[in-house]
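Geometric and topological summary
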Protein chains: 2
Amino acid sequence: MVPVAPAGEPANASSGVFGRLAGHQVALDAFLREQLAEFEPEIRDLAAYALEASGKRLRPALVFLSGWKGSGAPSAELVRVAAVVEMVHLATLVHDDIMDGAEVRRNRPTVARRYGSAAAVLLGDALFAHALHLTTQFPTTAVCAAVSVAMRRVCAGEIVQTLRRGSLRVDRADYTRIVDLKTAELFRVSCQLGAEVAGHPAGFVAAASRFGRHLGIGYQIYDDLVDFFGEEARIGKTLGTDLTSGKLTLPLLVLRERLEPVEQERLAEELAGRRVPDLAGRLEQMRRLGVFARVAGEVAVELADARAALAPWQGLAPTPRLGELADLLEAQVRSLAPAT
Amino acid sequence: MVPVAPAGEPANASSGVFGRLAGHQVALDAFLREQLAEFEPEIRDLAAYALEASGKRLRPALVFLSGWKGSGAPSAELVRVAAVVEMVHLATLVHDDIMDGAEVRRNRPTVARRYGSAAAVLLGDALFAHALHLTTQFPTTAVCAAVSVAMRRVCAGEIVQTLRRGSLRVDRADYTRIVDLKTAELFRVSCQLGAEVAGHPAGFVAAASRFGRHLGIGYQIYDDLVDFFGEEARIGKTLGTDLTSGKLTLPLLVLRERLEPVEQERLAEELAGRRVPDLAGRLEQMRRLGVFARVAGEVAVELADARAALAPWQGLAPTPRLGELADLLEAQVRSLAPAT
């Protein structure tokens, strides 16, 4: 069995591709610690709290692997880009936890829980601002432009998801659009900027960007599968939260398509909050109706597209490393498969 | 009597210095409307709602006046900078209204009230992101660097204020620091960038920056006076909210210094939320103990510093225009003076 990371991230730090990045991540941690000195003294502790709450540093890994030139020390520019995407990601987590009313993230109280939601709103803003400030330390405005658009798109995706909560007017196309914006965009820009800053050819930058986007969509679908098929103890969070919070993710969309009209109506009422969600019943239906295999198939489609994007670039150093990441996600999805 | 604007802004659009800016503000409005097309279609209506909620466009006025070259059409660069600072300001308002639980701003439901606080958090983020994206349309990273630092400092100021709410461990120095960060910083950067983008000499850019900072501190003190000495009907919001929300602003700090120990203790309990605030009683004490004159004196000190910064630049086109703005704020403060 593939080792799994807490909280749904697809790898633990000691395994394969992440093992290769150990030195890179040390450089990133040191850089993030240095950044604390840039924050106003009054908010340094809060910023430190938010920056420490890091998980597997998946987006920095995409930056490092897309800019891969060997396992030596990463360039200062690559570390800076990695810090930018991680800081943007951590800012979105700080804000997400307010909106979700989450109390715990990675076994610690969330920023909102510890400092209050008002401070959490503002700290998220300050982290966004500082991330964008770091982008101004590149010679041109290109990095700032890419990151600011990505950030706006991530927010747009989350707004759409938020406004649709509890609504049944969500179809496959809506789901894909939301995932594309809220998750795939930051994966995409991480790969794009990693390749770009490392000076890889423009054709590869475009390929890495496509790879990142498809990997990101695949990763979000995997994460939505974890919410139903994960093991609570292993992923460290409550299962079934998408059902209870009215989020029509792909497993639920596929389930809905396969249910009889009466059961569809019942599910609709659960999602709309007019009926207590029957998580056990829904899981049983998902198993019986083959929902897992269907959704896992969608991840496979995305991973195939991701790999295809890199196909013309087999000779380049980053290609096998990014391929390992796709393999890892595939293995993680497999490890969720329910016993049949 | 000097005409006053709704909601505590120091001028109405038809009067003197703002009258001169009518054409500039039309250009700004047109530019902001154009920007909506840049937002993802799903969030365009929300963005339009937030951007329409504009007040007197005070920060854009600072940009235009600091970059003043005559009443002709402003340059595209100046309009862009004005849009950036206004968008950052509107984003902070969207977030402030969530944290304050405000239901109405400028006679319309707040974004949080209309679309929910989750969408409001994200929309504020998207506005920040787009404002910073606009800064990347300048040839160098300088504008983005200045705005991103200013934004982080504004957030830091608001975080400090938020964490201190209801606390009595706030002294004059803390108040000045909070005001300097949360309000004066964006005034300062508006003046700096207006002067810089218009191509005025470096010495004037520094002077305008100092002018903006002192004007901003003065403006915030004025705004804190309005909360106690304004007329509810005229400013369009409830008075005394700083007392009821436990914000130790300058009028309350001065009052505290002048109260007997027993009354100081009572005020402390009101601020901490352990006793129902006696707004009428506090106002009566403020009148009796000359709090208004003392606080108004602090505005005068800031305005003197602001004017002094511009003194060496009398010959330059922006100087008299910025001076008019200082005069206007002075007149606004005078119009609040309680009858004696």
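The preceding data block contains the structure.
In what follows, the accompanying structure is described. (Residues numbered from 1 in each chain as written. Chains lettered and ligands numbered in written order. Predicted model: local features only at pLDDT ≥ 70, side-chain atom pairs only at ≥ 80, totals over all residues.)

Section: the overall build of chain A
Our working rule: Segments assigned H or I by DSSP are reported as helices when at least four residues long, segments assigned E as strands when at least two residues long, and all are numbered from the N terminus. What the globule rule says is 2.2 Å times the number of residues to the power 0.38, and the radius of gyration is computed from C-alpha atoms. Exposure in this text rests on C-beta crowding, where 20 or more other C-beta atoms within 10 Å of a residue's own make it buried, 12 or fewer make it exposed, and counts in between make it partly exposed. The C-beta atoms are placed from the backbone. Each residue gets a C-beta atom placed from its backbone, and two residues are in contact if those atoms lie within 7 Å.
In terms of regular secondary structure, chain A is built from 17 helices and two strands. Taken against the 2.2 N^0.38 rule, which gives 20 Å for 340 residues, the C-alpha radius of gyration of chain A at 20 Å falls within 12% of a compact globule. Expressed along its principal axes, the backbone C-alpha trace of chain A runs to roughly 60 × 50 × 35 Å. Looking at chain A residue by residue over its 340 residues, the buried ones come to 52%. Restricting to contacts in chain A with at least 6 residues of sequence separation, those with at least 24 account for 75%.

Quick notes on the nonpolar core
Rules: Buried Ala, Val, Leu, Ile, Met, Phe, Trp, Tyr and Cys residues form a nonpolar core when they are connected through C-beta atoms within 7 Å. Reported domain spans reflect what an automatic or database domain assignment gives.
Grouped together as the largest cluster of nonpolar side chains are 219 residues, with contacts concentrated most on L123, L127 and V147 of chain A together with L123, L127 and V147 of chain B. For this core, the two domains that each supply at least three residues are domain 1 (12–137) and domain 2 (141–340) of chain B. If near-sequence neighbours (up to four positions away) are discounted, L123 of chain B is found in contact with I159 of chain A together with I43, L46, A47, A50, V94 and V111 of chain B.

Notes on the interface of chain A and chain B
We apply this condition: By the convention adopted, Pro, Cys, Tyr, Trp, Phe, Met, Ile, Leu, Val and Ala count as nonpolar, Lys, Arg, Asp and Glu as charged, and the other residues, Gly among them, as polar.
Chain A puts 36 residues into the contact, and the matching count from chain B is 36 residues. At the level of elements, α5 (76–99), α7 (117–135) and α8 (142–164) of chain A are the ones that each hand at least two residues to the side of chain A that touches chain B. Tallied by class, residues from the side of chain A that touches chain B come to 23 nonpolar, seven polar and six charged.

Observations regarding the packing of helix α10 (residues 202–229) of chain B against helix α16 (residues 291–310) of chain B
Residue and element names in this part refer to chain B. Stated formally: Structural elements are reduced to axes, namely lines fitted to C-alpha atoms, with helices fitted over the stretch in contact, and the angle between N-to-C directions of any two is expressed from 0 to 180 degrees. The cut-offs work like this: below 35 degrees is roughly parallel, past 145 is roughly antiparallel, 65 to 115 is roughly perpendicular, and the gaps in between are oblique. Each crossing is labelled by how the near helix is turned from the far one, with a counterclockwise turn of less than a right angle marking it left-handed and a clockwise turn marking it right-handed.
Interhelical geometry of α10 versus α16 gives an angle of 165 degrees and a closest axis separation of 7 Å. In terms of their interaxial angle, α10 and α16 are classed as roughly antiparallel. Crossing hand, α10 versus α16: left-handed. Contacts between α10 and α16 involve A207, R210, F211, H214, L215, I217, G218, I221, Y222, L225 and F229 from the former and F292, V295, A296, E298, V299, E302, L303, D305, A306, A309 and L310 from the latter.

Notes on the environment of R153 of chain A
Assignment of secondary structure puts R153 of chain A in helix α8. Of the residues examined, R153 of chain A has 23 C-beta atoms within 10 Å and is grouped as buried. Taking the C-alpha atoms as reference, R153 of chain A lies 9.4 Å from T183 of chain A; in sequence the two are 30 residues apart. With residues up to four places along the chain from it excluded, the contact list for R153 of chain A reads L181 and E185 of chain A together with E40 of chain B.

What to know about the packing of α8 of chain A against helix α7 (residues 117–135) of chain B
In contact at an axis separation of 8 Å, α8 of chain A and α7 of chain B are set at 160 degrees when each is read in the N-to-C sense. For the element pair α8 of chain A / α7 of chain B, the angle class is roughly antiparallel. Relative to α7 of chain B, the crossing made by α8 of chain A is left-handed. Between α8 of chain A, through C144, A145, S148, V149, M151, R152, C155, A156, E158, I159, T162 and L163 of chain A, and α7 of chain B, the contact on the second element is made entirely by A118, A119, L122, L123, D125, A126, A129, H130, L132 and H133 of chain B. Of the residues contributing to the contact of α8 of chain A with α7 of chain B, the split by class is 15 nonpolar, four polar and three charged.

So, helix α14 (residues 261–271) of chain B
All names here are of chain B. Under the convention used in this document: Note: the arc covers the axis-to-C-beta directions of the helix.
Looking only at α14, the buried set comprises L267, E270 and L271. End-on view of α14: buried residues confined to an arc of 95 degrees, all on one side of the axis. Residues of α14 that are exposed and point more than 90 degrees away from the buried face comprise P261 and V262. Where α14 is buried, its residues touch α12 (241–244) and α13 (250–258). Looking one or two residues past α14, G273 carries a phi angle of roughly 80 degrees, positive in sign.

A closer look at the relation of the copies chain A and chain B
Our working rule: Overlaid copies result from least-squares superposition on C-alpha atoms, with residues included only where pLDDT is at least 70 in both.
In screw terms, the move from chain A to chain B is a rotation of 180 degrees and a rise of 0.0 Å along the axis, fitting with an RMSD of 0.0 Å. Taken together, these values place the two copies in the relation of a two-fold axis. Distance from the rotation axis, computed per C-alpha, reaches its smallest value in chain A at T141 of chain A: 2.7 Å. The residues that chain A uses at the interface reappear at the interface of chain B in 100% of cases, marking a shared surface.

Examining helix α16 (residues 291–310) of chain A
Residue and element names in this part refer to chain A. Test applied: Residue count minus one, scaled by 1.5 Å, sets the expected span of a helix.
Compared with the 28 Å implied by 1.5 Å per residue over 20 residues, the 30 Å span of α16 between its first and last C-alpha is a close match. Taken as a whole, α16 has its buried residues at V291, F292, V295, E298, V299, E302, L303, A306, A309 and L310. With its buried residues spanning 135 degrees around the axis, α16 presents them on a single face. In α16, the exposed residues that point more than 90 degrees away from the buried face are A293 and G297. In this fold, the buried residues of α16 make contact with α10 (202–229), α13 (250–258), α15 (279–288) and α17 (318–336).

A word on the environment of I221 of chain A
Residue and element names in this part refer to chain A. Here I221 shows up in helix α10. Along the sequence, I221 and G240 sit 19 residues apart, while their C-alpha atoms lie 14 Å from each other. Other than its neighbours up to four places away in sequence, I221 contacts L250, V295, E298, V299 and E302.

Read these as spatial facts, not as claims about activity.
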